[in-house]
Amino acid sequence: MGEAGEAWEGEGSSAGGVTPAGSPMPEAGLEAGPEAEVVKLLPFLAPGARADLQAAAVRHVLALTGSGPGRMLLAGQVALLRALVELAAAPVPAPARDAARALVNLAADPGLHELLLAAEPGMPARLLGLALDPQWPWAEEAAAVLANLSREPAPCAALMAVLAAAEPGLERLVRALCTPGYNGHAPLHYLGPVLSNLSQRPAARSFLLDPDRCVVQQLLPLTQYPDSSVRRGGVVGTLRNCCFEHRHHEWLLGPEVDILPYLLLPLAGPEEFPEEEMERLPVDLQYLPPDKQREPDPHIRKMLIEAIMLLTATAPGRQQVRDQGAYLILRELHSWEPEPAVRVTCEKLIQVLIGDEPEHGMENLLEVQVPEDVEQQLQQLDRQEQEQCEQEQQEQERELAPEPQAEGTAPT
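In this report, the structure presented in the accompanying data block is examined.

Definitions and cut-offs
Residues numbered from 1 in each chain as written. Predicted model: local features only at pLDDT ≥ 70, side-chain atom pairs only at ≥ 80, totals over all residues. Heavy atoms only, no water. Helix = DSSP H or I, 4+ residues; strand = E, 2+ residues; numbered from the N terminus. Buried < 20%, exposed > 50% of the residue type's maximum accessible area, 1.4 Å probe, protein only. Contact = heavy atoms within 4.5 Å. Areas by Shrake-Rupley, 256 points an atom, 1.4 Å probe, with all protein chains shown as cover. Phe/Tyr/Trp six-rings, centres within 6.5 Å; stacked < 30°, edge-to-face > 60°. Lys NZ or Arg CZ within 6 Å of the ring centre and 35° of its normal. Core = buried A, V, L, I, M, F, W, Y, C linked by side-chain atoms within 4.5 Å. Salt bridge = Lys/Arg side-chain N within 4 Å of Asp/Glu carboxyl O.

### A short note on the overall build of the protein chain
What the protein chain contains, in helices and strands, is 23 helices and 0 strands. Sorting the 412 residues of the protein chain into buried and exposed places 47% on the buried side. In the protein chain, of all internal contacts separated by at least 6 residues, the share reaching a separation of at least 24 is 71%. As displayed, the protein chain has an accessible area near 20000 Å², and 53% of this comes from carbon and sulfur atoms.

### Side note on the packing of aromatic side chains
Two descriptors summarise a pair of aromatic rings, namely the distance from one centre to the other and the angle between the planes of the rings. In total, this model carries 0 aromatic pairs according to the counting rule given. Over the face of the ring belonging to Y225 we find R231, whose NZ or CZ atom lies 4.9 Å from the ring centre.

### Description of helix 9 (residues 139-149)
Across the 11 residues of helix 9, 11 count as buried, placing the element largely inside the fold. Among the residues making up helix 9, those that are buried are A139, E140, E141, A142, A143, A144, V145, L146, A147, N148 and L149.

### Let's talk about the environment of R213
Residue position: R213 is located in the loop between helix 13 (202-208) and helix 14 (215-219). Put simply, R213 and E171 are 42 residues apart on the chain and 9.1 Å apart in space, counted from C-alpha to C-alpha. Filtering out sequence-adjacent residues up to four positions away, R213 remains in contact with E171, F207 and Q218.

### Observations concerning unusual backbone geometry
Following V92, the chain continues to P93 via a peptide bond in cis, the omega torsion being 15°. Phi is positive for D258, which is not a glycine, with a value near 55°. Within the secondary structure, D258 is located in the loop between helix 16 (249-253) and helix 17 (260-264). Although it is not a glycine, Y287 sits at a positive phi angle of roughly 50°. By the element assignment, Y287 lies in the loop between helix 18 (275-278) and helix 19 (298-311). Under the relative-accessibility criterion, Y287 is labelled exposed at 52%.

### Considerations on the nonpolar core
Of all hydrophobic cores here, the largest spans 114 residues; its most connected members are L173, L191, L198, I259 and L330. The contacts of L191, once residues within four sequence positions are left out, are A131, L132, A143, L173, A176 and L177.

### Focus: the pattern of salt bridges
Tallied over the entire structure, the rule returns 16 salt bridges. The residue E271 makes a salt bridge to R294 at a minimum N-O spacing of 2.8 Å. Taken together, the positions of E271 in the loop between helix 17 and helix 18 and R294 in the loop between helix 18 and helix 19 put the pair 23 residues apart, joining distant regions of the chain. Using a relative accessible area of 9% as the deciding quantity, one classes R294 as buried. E337 is paired through a salt bridge with R301; the nearest N and O atoms lie 2.7 Å apart. With E337 in the loop between helix 21 (326-336) and helix 22 (340-354) and R301 in helix 19, the pair connects residues that are 36 residues apart, well separated along the chain. Accessibility classification places E337 together with R301 in one group, the buried group. Taken together, the shared-partner salt bridges in this structure form one network comprising R97, R101 and E141.

Following this line, the structure appears as structure tokens:
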């Protein structure tokens, strides 16, 4: 569910310990008896431990989370995981930041989510409180743990339950994401992926698409957020997930929300159009400056195209997307697009816009029942397209790779 996990690398090496002067510490390596060695760290992680010893112990744990075997070792230590959660929420001088970073790395492994929640069922609630605390200095790390955890269905459901119980939980999360300077110590970019993951659940989409709340309208400007692709991608992923709800397409495309220009603008470049084509475009996409840049992240470009594709699921939606000149932006994007996978997605949307309308009874593309044999054929075609895209990508990388120089030849 959602994006690939984020990870922080620990300070120091997992093969050796950091020992404060005059304070013997067990090494936390993965040599003989690793479980016993990890258990020896527990007294140093306790709330009453000396600050320097506690910090050194947490650095050991953080270093271990940088490898798969280290994460598996720690995931089986229930008491240690609980101690990490407690330290992640502890005030100075506790090493809360490193404890939270260790949790980020553990949560980056989907196979450990069940173990983490079993060890500390209250983890989502604790971390959510930290992430949304305007004064907490390590709120970004707490949000990153939640972003990793909520990629999988079970932890995502647990987080959604916490938000539902803490009314107005989801509203507060959106406010923190959309309010500049909400937390003066942390940028909270990772609340974007958290919201994107949550929006895969019907209850979250119902909240986001409530016309009386005007939540979607708050998110739209962030499709152009310049300072973080993490936040931008999270918001675009959220909007794409909302576009699965075809009953709301008329509202999303209408004047109350007017979502299409916000999806098209990041895909638009500096190209000039003839006057008659320019007049077909929404005002925000007309006469763009010569230095206008497209969205630099290919994954986000692909999600933007997918969101527009979803908006074309119904006949009225297709007509509205056509009427606002989407084809013109997509045509130029296709000519420019360097990534094969994004270009294929763009081609599919262009075909929907310029192709014939489906026959009667099949106008809603999201509700069409595809026969099993046809679905298998389509899946096969998708796999072939994916293989072709990967092959093109490899060819591009080979073309860009520097040619090897003969031995003794000076570079020019």
